[in-house]
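Analysis of the macromolecular model
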Amino acid sequence: MALVAALLEILQRPTIGEVILELGMFMAPIWVAVLVGVLVGWAWKPKWAKIGPDVAASGMLLQNLSSGLASISTINPLKLQVPSCISWIKETQSPPSISCSSSSSLQLESEKSVVKDADLLYLDGLVEETDGGHTWIQMMDRSTPNMSYQAWRRDPETGPPQYRSRTVYEDATPEMLRDFFWDDEFRLKWDDMLISAETLEECPTTGTMTVQWVRKFPFFCSDREYIIGRRIWESGRTYYCVTKGVPSSSVPRRNKPRRVDLYYSSWRIRAAESKRDGRMTACEVLLFHYEDMGIPWEIAKLGVRQGMWGAVRKIDPGLRAYQKHRASEVPISRCAFMAQVNTKVDIENLRSVGSRTDLSEIEPEDSPKKPAGRNIPRFLVVGGAIALACSLDRGLLTKAVIFGVARRFGGIGKRL
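A brief look at the structure comes next. Treat the numbers as computed from the prediction; the structure is a model and nothing was measured. (Residues numbered from 1 in each chain as written. Predicted model: local features only at pLDDT ≥ 70, side-chain atom pairs only at ≥ 80, totals over all residues. Heavy atoms only, no water.)

**Notes on the side chain of Arg-259**
Among the structural elements, Arg-259 can be located in strand β9 (residues 258-260). Using a relative accessible area of 8% as the deciding quantity, one classes Arg-259 as buried. Only 2.8 Å separates the side chain of Arg-259 from the side chain of Glu-225, close enough to count as a polar contact. There is a polar contact of 3.4 Å between the side chain of Arg-259 and the backbone oxygen of Pro-252. (Helix = DSSP H or I, 4+ residues; strand = E, 2+ residues; numbered from the N terminus. Buried < 20%, exposed > 50% of the residue type's maximum accessible area, 1.4 Å probe, protein only. Polar contact = N/O pair within 3.5 Å; in protein donor to acceptor, adjacent residues only side chain to side chain.)

Structure representation (C-alpha cells):
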C-alpha cells in the first residue's frame with residue numbers, strides 16, 4: 001500500500017514536468033538494480049571464478065546440450081589435443097576402422113587423446129540408464145511426417161540441467177546421420193546459431209578431433225566459444241558419438257566471445273523401425289546434453305522450453321538437404337571424412353568391464369560441479385525482475401513468468 005500511496009502522491013503534482021521528474025527519481029533505484037543484476041548475473045565473472053574445470057582431462061561426454069538445442073551438436077563434436085596436424089587424405093581412400101586392442105601404438109595414441117574409452121563407457125551408462133543419476137522427467141513429445149521427437153530433463157544436485165532426447169528420422173541411415181552431425185562445413189548452412197567452426201587438431205588413427213565453435217547468443221549475452229573434443233566408436237552399425245568441452249592452450253581466452261568450459265553433448269545412432277511400414281528404414285538418435293552457458297540455470301531452462309521444438313524442427317530440413325548434397329556426389333568435407341574414421345568396439349565386453357567398475361570412478365573430471373561465483377544477491381534478481389515486468393508488455397516472457405522466475409531465484413539464490 002505504501003507503494004501505491006507514493007505513486008498517487010506523485011501523480012497529484014501540479015505539472016506534467018514535475019510528475020515526470022518524480023517518476024524518474026522513483027524508478028532510478030529499480031533500474032540501477034536491473035543494470036547491476038545484468039552485469040553481475042550475465043556479463044561479469046572474476047578471473048578466479050570458473051564455470052567449469054579449466055584443466056579437465058578427457059572424461060565423459062557432456063554436451064549440445066547444444067544447444068539444443070540439438071545445437072545443440074549435442075553430444076556435439078568436441079575437440080582433442082593430439083600433437084599432429086595432418087594433410088588431407090585423398091577422397092578415394094576408404095577411411096580406416098580401428099580395433100580397440102589393435103596395437104601398442106594405438107594404445108599410446110588413445111592415452112594422448114582427449115576423448116577416451118572412459119567417455120564411451122559413461123555415454124553407454126546414460127543410454128542404458130545405469131549411470132545412477134536422477135529420474136528423467138518428460139517435457140516434450142512431438143512429431144512431423146518425417147520425424148518424431150521426445151525430450152526429458154533432470155536437475156542434478158549440482159551442475160546445470162541435463163537433457164535427454166530421442167529423435168527418429170524417417171528414410172535415413174545411421175551412416176548418413178553420423179556424417180551429418182559431424183560435418184561442420186555443412187552445419188553452417190542450416191544451423192543459424194553457429195557463427196564459425198574451425199578444426200584445430202585431428203588424429204587420423206582414432207578419428208578424434210578438436211574443433212572450435214562460436215555460437216550466437218541473445219542480445220543481452222555475448223556470443224559463446226566452445227573448444228570441443230569429439231570421437232566416434234562403432235559397434236556393428238551402431239555409432240556412439242562423444243563431444244565435450246576440452247581445455248586448449250593453443251587458443252587464448254578472450255572476453256568476447258565468452259568461452260564455455262562445461263559442455264557435454266553426446267549421442268547414440270542406430271537403425272530403427274519406420275512408423276510408416278515397420279521396416280528398418282528409419283534412424284534413432286538418442287542424445288544427452290548439458291552445458292553451463294554462464295547464465296542463471298532457471299532462465300536457461302525457460303529459454304530451452306520456449307525454443308526447443310523450434311530448434312529441433314530445423315534439423316530435419318537440414319538433414320534432407322544434406323542427403324541431396326551427398327547424392328550429388330560432390331567431394332565430402334574433411335569433417336565428414338573424419339566422421340568415417342571410427343574405433344570399433346564390442347559394446348557387450350565394454351559393459352562387462354563397466355559392471356565391475358563403480359561408474360563414479362570413471363565419471364569425467366568435467367562432469368557438472370557447483371560453479372563458483374554464481375551466488376547472485378536476491379534483491380538484484382527480484383528488483384530486476386520487477387523492473388522488467390513493469391516495462392515489458394509483450395514478448396516471449398510474460399509478467400507472470402518473470403515474477404515466477406524471480407520468486408524461484410529468491411528461494412534458491414544460494415544454490416545458483
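**Notes on the pattern of salt bridges**
Here the structure, examined in full by the defined rule, presents 26 salt bridges. With a shortest N-O distance of 2.9 Å, Arg-268 and Glu-284 are connected by a salt bridge. Separated by 16 residues along the polypeptide, Arg-268 in strand β10 (residues 263-272) and Glu-284 in strand β11 (residues 282-291) bring together distant segments of the chain. By the burial criterion, Arg-268 is buried, and Glu-284 matches it. Here Asp-277 makes a salt bridge to Arg-279, at a shortest N to O gap of 3.0 Å. Salt bridges sharing partners connect three or more residues here, namely Asp-124, Glu-128, Glu-348 and Arg-351. (Salt bridge = Lys/Arg side-chain N within 4 Å of Asp/Glu carboxyl O.)

**Some details on the pairing of strand β4 (residues 162-169)**
By the criterion of burial, β4 is predominantly enclosed, with 7 of the 8 residues buried. Where strand β3 (residues 147-154) meets β4, 8 bridges bridge the pair, whose relative direction is antiparallel. Looking across to β4, one finds that Trp-152 is bridged to Arg-164. Judged from the 7 bridges that link them, β4 and β11 form a sheet pairing that is antiparallel. (Pairing = 2+ DSSP bridges.)

**Topic: the nonpolar core**
Membership of the largest hydrophobic core comes to 49 residues, with the highest contact counts inside it found for Tyr-169, Leu-177 and Phe-180. Setting aside chain neighbours within four positions, we find Tyr-169 in contact with Asn-146, Met-147, Leu-177, Phe-181, Ala-282, Cys-283, Val-285, Ile-315, Asp-316, Leu-319 and Arg-320. One finds Leu-120, Leu-123, Leu-126 and Val-127 within the second-largest nonpolar core, a separate group that totals 25 residues. (Core = buried A, V, L, I, M, F, W, Y, C linked by side-chain atoms within 4.5 Å. Contact = heavy atoms within 4.5 Å.)

**Considering the packing of aromatic side chains**
Throughout the structure, instances matching the rule amount to 11 aromatic pairs. Between Phe-180 and Trp-190, the aromatic rings sit 5.1 Å apart at their centres with planes inclined by 20 degrees, giving stacked as the arrangement. Taken as a pair, Phe-180 in helix α6 (residues 174-182) and Trp-190 in helix α7 (residues 184-190) lie far apart in primary sequence, 10 residues in all. Residue classification places Trp-190 among the buried positions, given a relative accessible area of 14%. Ring geometry for Tyr-264 and Tyr-290: centres 5.4 Å apart, planes at 25 degrees, overall stacked. Pair noted here: Tyr-264 is in strand β10 and Tyr-290 is in strand β11, with a separation of 26 residues, a long-range link. Overall, the relative accessible area of 0% leaves Tyr-264 in the buried class. (Phe/Tyr/Trp six-rings, centres within 6.5 Å; stacked < 30°, edge-to-face > 60°.)

**Focus on helix α9 (residues 315-327)**
Here α9 contains 13 residues, and its C-alpha end-to-end distance of 18 Å stays within 8% of the 18 Å for a straight helix at 1.5 Å per residue. Of all the positions in α9, only Ile-315, Asp-316, Gly-318, Leu-319, Arg-320 and Tyr-322 are classed as buried. Taken from the residues just after α9, Glu-329 is the one with a positive phi, measuring 65 degrees. (Expected span 1.5 Å × (residues − 1).)

No statement about biological role is implied by the geometric values presented.
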